[in-house]
Amino acid sequence: MAFEGLAERLQSTFDKMKGRGKVSEADVKEMMREVRLALLEADVNFKVVKKFVNDVKERAVGQEVMKSLTPGQQVIKVVNEELTTLMGGEESKIAASRKPPTVVMLAGLQGAGKTTTVAKVANHLRKHHNRKPLLAAADIYRPAAIDQLETLGKQLDMPVYSKGTEASPVDIAKGAVEEAKEANCDYVLIDTAGRLHVDEELMDELQQVREAVQPEEILLVIDSMTGQDAVNVAESFHEQLGVTGAILTKLDGDTRGGAALSVREVTGVPIKFAGTGEKIDEIDVFHPERMASRILG
Ligand code: GDP
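Residues numbered from 1 in each chain as written. Predicted model: local features only at pLDDT ≥ 70, side-chain atom pairs only at ≥ 80, totals over all residues. Heavy atoms only, no water.

- The chain carries the name Signal recognition particle protein in an unreviewed UniProt entry, which gives Salibacterium lacus as its organism.
- Listed under Subunit (unreviewed entry) in UniProt, the entry text for the chain is "Part of the signal recognition particle protein translocation system, which is composed of SRP and FtsY." (UniProt positions renumbered as here; feature names shortened; annotations may be inferred.)

As structure tokens, then:
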């Protein structure tokens with residue numbers, strides 16, 4: 001379960017606070033020391049932790065909180081609200097173009113869960129928004145990725161545009177958009193190549209695909225289990241590609257939660273979806289408020 005460790009630590013810190021009739025500034029400081037440690041242990045970016053702790057302190061030692069009838073509860077409420085803000089505040093919906101098809105490009109490192117997520121998002125769009133997506137196999141360096149996407153397409157009974165490993169990713173992306181128009185598909189989800197590390201060649205290729213098909217969304221797929229690394233990867237992808245959103249995968253295996261709590265603040269990019277398992281329907285729209293409540297119990 002996501003955030004297990006963090007949730008446990010924060011909840012036991014706050015339990016001490018809940019029933020108190022009076023809370024002093026020193027109590028808040030002491031509590032925030034523990035929150036700070038818990039967040040660092042959860043692998044949250046240290047700058048994010050610093051800002052978060054300062055923001056909570058500033059609000060929590062305010063008159064309204066300290067003089068309220070339930071100051072302990074009020075402090076927890078402030079933490080809850082600040083955690084929500086940290087993860088983006090409002091939920092962020094996937095774009096829909098006025099002139100379909102809406103082109104969505106998924107990018108990310110190899111193994112992050114890109115190919116699986118293309119199918120998951122497509123399934124979500126059909127199931128919850130009544131959309132008709134087409135999947136495009138532009139990860140030409142990994143024949144297994146093309147096969148995987150084709151299999152997923154069959155499983156979902158959705159069209160997959162694939163030209164094997166010979167055509168260029170740019171031609172595949174363009175061809176897929178044309179095919180979508182002809183087949184009246186209103187979304188094109190492009191699975192792009194990944195590498196083990198961010199490199200120039202990969203970025204060049206992704207930039208070319210972006211130029212060729214001008215996607216409404218460039219969604220960065222990141223493995224939440226890689227914590228701080230995921231955030232660094234997100235930063236460099238965003239710098240070079242200008243992503244419009246992030247999808248966190250493997251949240252089911254992420255007991256710490258550092259990536260989920262840092263990525264929005266570090267990149268400024270909203271988290272749109274969270275992958276919660278290997279199965280095709282194990283994806284959720286990312287709700288910052290629900291995530292925060294989950295952490296605080
Ligand atoms: P790609 O190289 O980025 O295209 O990654 P794949 O789509 O091939 O996924 C890599 C592995 O991660 C596969 O075994 C997927 O089943 C797994 N995976 C993807 N998303 C999730 C998720 O949300 N939770 C879990 N537990 N596994 C996932």
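1. As for the site of the ligand
So, step 1. Looking at the ligand, there are 18 residues lining it, with Gly111, Lys114, Thr116, Asp252 and Glu278 nearest.
So, step 2. Between the ligand and the protein, one listed contact pairs a nitrogen atom with a side-chain N or O atom of Asp252 at 2.7 Å.
So, step 3. Computed on the free molecule, the ligand has an accessible area of 590 Å², of which 81% lies beneath the protein chains in the complex.
So, step 4. Counting residues per element, the shell around the ligand draws most heavily on helix H6 (residues 114-129), at four residues.
So, step 5. A per-class count over the shell around the ligand returns two nonpolar, 10 polar and six charged. (Near = heavy atom within 4 Å. Polar contact = N/O pair within 3.5 Å; in protein donor to acceptor, adjacent residues only side chain to side chain. Areas by Shrake-Rupley, 256 points an atom, 1.4 Å probe, with all protein chains shown as cover. Helix = DSSP H or I, 4+ residues; strand = E, 2+ residues; numbered from the N terminus. Nonpolar A, V, L, I, M, F, W, Y, C, P; charged D, E, K, R; others polar.)

2. Focus: the packing of helix H9 (residues 200-213) against helix H10 (residues 227-241)
Axes are the key here: two packed helices are described by the angle between their axes and the distance separating the axes.
So, step 1. Between H9 and H10, the least distance of the axes is 10 Å, while the angle of their chain directions is 50°. The pairing of H9 with H10 is recorded here as oblique in orientation. Note on packing geometry: the crossing formed by H9 with H10 is right-handed. Across the interface between the two elements, Leu202, Met203, Leu206, Gln207 and Arg210 of H9 pack against Phe237, Gln240 and Leu241 of H10. (Axes fitted to C-alpha atoms, helices over the stretch in contact; angles between N-to-C directions. Parallel < 35°, antiparallel > 145°, perpendicular 65-115°, else oblique. Left-handed = near helix turned anticlockwise from the far one by under 90°. Contact = heavy atoms within 4.5 Å.)

3. Remarks on the nonpolar core
It is characteristic of soluble globular proteins that their nonpolar side chains tend to be buried jointly.
So, step 1. With 78 residues, the main nonpolar core has Phe52, Leu83, Phe237 and Leu261 as its most contacted residues.
So, step 2. Those residues in contact with Phe237 that lie beyond four places of it in its chain are Ala107, Gly108, Leu109, Val198, Leu202, Met203, Leu206, Leu220, Gly242 and Val243.
So, step 3. Counting residues in hydrophobic clusters, the runner-up holds 24 residues, among them Ala112, Ala119, Ile146 and Val221. (Core = buried A, V, L, I, M, F, W, Y, C linked by side-chain atoms within 4.5 Å. Buried < 20%, exposed > 50% of the residue type's maximum accessible area, 1.4 Å probe, protein only.)

4. Describing the pairing of strand E5 (residues 217-223)
So, step 1. Of all the seven residues making up E5, seven are buried; the element is thus mostly covered by neighbouring parts of the structure.
So, step 2. Side-chain alternation along E5 places Glu217, Leu219, Val221 and Asp223 on one buried face and Ile218, Leu220 and Ile222 on a second face that is also buried.
So, step 3. Pairing geometry for E5 and strand E6 (residues 245-249), over five bridges, is parallel. Counterpart to Val221 in the pairing with E6 is Ile247.
So, step 4. Handedness of the β-α-β unit built from E5, H10 and E6 comes out right-handed. (Pairing = 2+ DSSP bridges. Right-handed = clockwise from strand over helix to strand, strands pointing away.)

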